[in-house]
Amino acid sequence: MKAAVYHGTADVRVEDVAKPTIGAGELLVKVKACAICGGDLRTFRHGHKAIHPPIILGHEIAGVIEEVGAGVERYHVGDRVIVAPGIGCGACSYCLSGRQHLCYTRETIAHGYDGGFAEYVRIPASAVRAGNVNFIPDEVDYLAASLSEPLACVINGQEAMDIQLGDTVAVIGAGPIGIMHAELARARGAGKIFLLNRSRNRLDAAQDLNYDAYIETGEDGGVQAVLDATDGLGANVVIVTAGSAAAQRAGIAMTGKMGKVCLFAGLPKDTPELSFDVNFVHYRQITLYGTFSSAPRHNALAVELIRSGKINADRILTHAVALEDIVHGFDLVEHRAGMRVAVVPHMEELAADIARHPDLVISKG
């Protein structure tokens with residue numbers, strides 16, 4: 001089969017490799033679409049301490065079951081599925097409470113196992129047993145379904161934030177994750193949504209979503225604009241999707257009393273520290289949340305939100321590239337040429353799906 005093999009920093013090669021063979025309890029999934037995550041780009045450009053090449057990256061997987069291992073009863077050949085990449089042990093307190101992504105012995109597809117930037121991917125028995133494989137509803141095509149994994153991470157973040165009816169929510173970062181956060185906040189009943197971004201072009205691209213304010217962050221990170229828009233009170237909820245210490249400090253500074261701040265993005269590993277006014281947080285009784293990744297139940301909810309139309313996949317997924325053009329796909333993500341980019345290993349088989357997304361750009365390197 002063809003696969004995009006990661007050999008090290010800035011070195012991904014599309015090669016002929018052996019098609020995976022599966023054992024008892026496992027699944028073989030024919031990959032139909034696998035979207036490129038910002039984490040994939042960071043690994044491609046800078047490496048990752050937990051990823052040891054050669055390995056196949058890609059964890060935002062949507063596909064169809066090609067083979068079923070002995071002993072598997074829930075899944076059948078031909079089932080259309082998405083895959084939650086984080087595999088918990090199933091026995092610790094985190095796994096038992098539905099927070100498998102926090103499991104201390106968690107394994108991850110595309111870290112310890114080959115991922116979805118290939119024609120086929122093997123789903124280990126541990127993932128099958130843990131419920132990491134969810135079915136795609138008939139109304140959802142493979143391209144849209146590939147957004148389930150990043151949306152699941154957004155759901156996990158907002159589950160912690162517990163947005164209430166009427167809340168004013170400020171989202172810093174107008175990329176695909178920021179738009180998902182803004183749309184999910186609206187679905188949860190937010191009263192006002194402010195979208196903030198460093199550059200104007202992505203704010204302009206989101207004008208049709210009719211948020212209550214579009215704010216260029218500028219020198220103060222957009223703090224004064226948020227205060228002005230809230231009569232000096234600040235936002236009830238601030239979600240920082242930008243991996244920037246300046247953005248995180250601004251997010252805290254624009255938060256109102258009893259407000260909540262979600263640090264959804266981490267910081268570079270060589271400068272992970274954040275300095276901020278602790279007294280400001282203390283006297284305003286602000287709560288800081290760190291959230292990352294998701295559990296299988298979040299993936300199941302994500303694909304349902306896509307099915308219901310509460311999250312419009314067409315506003316998030318803008319480009320598709322063939323497997324052979326994956327490096328060009330990385331370039332599109334790096335230069336913010338669109339929003340989410342999907343890698344399609346079997347482009348000729350997805351003609352009907354592509355036709356359902358008339359604005360999707362099929363981009364070649």
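Quick look at the structure, then. None of these values were measured; they are calculated from a predicted model.

Considerations on the pattern of salt bridges
Next up, step 1: Scanning the entire structure with this criterion turns up 18 salt bridges.
Next up, step 2: Where Glu216 meets Arg200, a salt bridge forms, and the shortest distance between an N and an O atom there is 3.9 Å. Residue Glu216 is found in strand E13 (residues 213–216), and its partner Arg200 is found in helix H7 (residues 200–205); the two are separated by 16 residues along the sequence.
Next up, step 3: Across the pair Arg315 and Asp208 runs a salt bridge whose closest N-O atoms are separated by 3.0 Å. With Arg315 in helix H12 (residues 313–316) and Asp208 in the loop between H7 and E13, this pair connects stretches of sequence that are 107 residues apart.

Section: the pairing of strand E1 (residues 2–8)
Next up, step 1: The buried fraction of E1 is high, at 5 of 7 residues.
Next up, step 2: Where E1 meets strand E2 (residues 11–16), 6 bridges bridge the pair, whose relative direction is antiparallel. Paired with Val5 across the two strands is Arg13, which belongs to E2.
Next up, step 3: In this structure, the hairpin formed by E1 and E2 is closed by a connection of 2 residues, where Ala10 is found at a positive phi of approximately 60°.

Describing the sheet that holds strand E12 (residues 192–197)
Next up, step 1: An order of E13-E12-E11-E14-E15-E16 is seen for the 6 strands of this open sheet, with the pairing classed as parallel. Each edge of the sheet is formed by a strand with only one pairing partner; in this case those strands are E13 and strand E16 (287–290). Averaged over all pairs of adjacent strands, the angle between strand axes in this sheet comes to 15°, irrespective of strand direction.
Next up, step 2: Relative to E16, strand E15 (residues 255–263) is paired through 4 bridges, and the arrangement is parallel. Each residue of the ladder has a partner; that of Leu263, found in E16, is Gly290.

Brief notes about the nonpolar core
Next up, step 1: Counting residues in each nonpolar core, the largest one holds 56 residues, and the members touching the most others are Leu143, Leu151, Val169, Ile179, Leu195 and Tyr211.
Next up, step 2: Apart from residues no more than four positions distant in its own chain, Val169 is found in contact with Ile163, Ala185, Ala190, Lys192, Ile193, Phe194, Val237 and Ile239.

Some remarks on the state of the cysteines
Next up, step 1: In total, this model carries 0 disulfides according to the counting rule given.
Next up, step 2: Among the cysteines around Cys37, which has no disulfide bond, Cys153 carries the closest sulfur, lying 7.4 Å off.
Next up, step 3: With no disulfide partner, Cys89 has as its closest neighbouring cysteine sulfur the one in Cys103, 3.7 Å distant.

Thoughts on the sheet that holds E1
Next up, step 1: Strand order in this open sheet of 3 strands is E2-E1-E4, and the pairing throughout is antiparallel. The open sheet is flanked by E2 and strand E4 (55–56), the only strands paired with a single partner.

Here we look at the packing of aromatic side chains
Next up, step 1: Under the definition given, this model contains 5 aromatic pairs.
Next up, step 2: Taking 5.3 Å as the distance between ring centres and 45° as the angle between the ring planes, the aromatic pair formed by Tyr75 and Phe135 counts as tilted. Of this pair, Tyr75 sits in the loop between strand E5 (60–68) and strand E6 (80–83) while Phe135 sits in strand E10 (residues 133–135); the two residues are 60 residues apart in sequence, bridging distant segments of the chain.
Next up, step 3: For Tyr75, a relative accessible area of 2% puts it in the buried group.

A word on a nonpolar patch on the surface
Next up, step 1: A cluster of nonpolar side chains, contributed by Tyr94, Leu102, Tyr104 and Phe292, occupies part of the molecular surface with about 450 Å² of accessible area.
Next up, step 2: Summarising the element assignment, Phe292 is placed in the loop between E16 and helix H11 (296–308).
Next up, step 3: You can call Phe292 partly exposed: its relative accessible area is 42%.

Rules and cut-offs
Residues numbered from 1 in each chain as written. Predicted model: local features only at pLDDT ≥ 70, side-chain atom pairs only at ≥ 80, totals over all residues. Heavy atoms only, no water. Salt bridge = Lys/Arg side-chain N within 4 Å of Asp/Glu carboxyl O. Helix = DSSP H or I, 4+ residues; strand = E, 2+ residues; numbered from the N terminus. Buried < 20%, exposed > 50% of the residue type's maximum accessible area, 1.4 Å probe, protein only. Pairing = 2+ DSSP bridges. Axes fitted to C-alpha atoms, helices over the stretch in contact; angles between N-to-C directions. Core = buried A, V, L, I, M, F, W, Y, C linked by side-chain atoms within 4.5 Å. Contact = heavy atoms within 4.5 Å. Disulfide = S-S within 2.5 Å. Phe/Tyr/Trp six-rings, centres within 6.5 Å; stacked < 30°, edge-to-face > 60°. Patch = residues over 30% accessible without salt bridge, like charges linked within 9 Å, V, L, I, M, F, W, Y side chains within 5 Å. Areas by Shrake-Rupley, 256 points an atom, 1.4 Å probe, with all protein chains shown as cover.

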